[in-house]
Amino acid sequence: MALTQNEKPIIGKDDIADLPAFNLEEVDVKIDSGAYTSTIHCSVVEESPEGLHVIFLDEEDSSYTGESMYFKKYKQKKVRSSSGEMQKRYVIEGDIILFGEKHATEFTLSKRDLMRYPVLLGRKLLSHRFLIDTTLSNESFKFKTRKT
């Protein structure tokens, strides 16, 4: 793993990561320093008596499990989309493993089925933890595969 002088790992423009809180492995992620919060694609997001019902990803994604998950702890907030429009989105807490370390963060839930990457990692997660080098790709995944 490439480290800077202050011991921050260098992450590339995209990567492949595990999201254990959501039972997802080897999900394609895009590093997006323009986004504040991280976002994950969901094929189902609906409130129910059991909590917020979520099915992450969709059948076209190789990491798709089809598992229904229910979250008791969630909130809604207004987010400006990449097209500039304000949207109300659900927000849940989860974790992601990058460079062998688990990082807790918030994820907004969104329909990203038309996008190449089902997960965007925003500044709230990236700041003070990583440096970004857009000439690199899959640095955390390479670290993971070297260790196993």
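Residues numbered from 1 in each chain as written. Predicted model: local features only at pLDDT ≥ 70, side-chain atom pairs only at ≥ 80, totals over all residues. Heavy atoms only, no water.

This part is about the overall build of the protein chain. Along the backbone of the protein chain there are two helices and 11 strands. When its helices and strands are written in sequence order, the protein chain yields β-β-β-β-β-β-β-β-β-β-α-β-α. Relative to a compact globule of 148 residues, whose C-alpha radius of gyration would be 15 Å, the protein chain shows 15 Å and is just as compact. Going through the 148 residues of the protein chain one by one, you find that 45% of them count as buried. (Helix = DSSP H or I, 4+ residues; strand = E, 2+ residues; numbered from the N terminus. Rg over C-alpha atoms; globule rule 2.2 N^0.38 Å. Buried < 20%, exposed > 50% of the residue type's maximum accessible area, 1.4 Å probe, protein only.)

Moving on: the environment of proline 118. Tracing the backbone shows proline 118 in the loop between β9 (101–110) and β10 (119–121). A C-alpha to C-alpha distance of 15 Å links proline 118 and glycine 94, two positions 24 residues apart in sequence. Beyond its immediate chain neighbours, meaning those up to four positions away, proline 118 contacts Val27, Asp28, Thr39, Ile40, His41, Leu57, Asp61 and Arg112. (Contact = heavy atoms within 4.5 Å.)

What follows deals with the pattern of salt bridges. For the structure shown, the criterion picks out eight salt bridges. A salt bridge links aspartate 18 to lysine 144, with the nearest nitrogen and oxygen atoms 3.0 Å apart. With a gap of 126 residues between them, aspartate 18 in strand β2 (residues 14–19) and lysine 144 in helix α2 (residues 139–147) connect regions that are remote in the sequence. Exposure remark for aspartate 18: the relative accessible area of 15% places this residue in the buried category. By relative accessible area, lysine 144 is classed as partly exposed at 30%. Between glutamate 26 and lysine 144 there is a salt bridge, with the nearest N and O atoms lying 3.5 Å from each other. Taken together, the residues span a long stretch of sequence, with glutamate 26 in strand β3 (residues 24–31) and lysine 144 in helix α2 at a distance of 118 residues. (Salt bridge = Lys/Arg side-chain N within 4 Å of Asp/Glu carboxyl O.)

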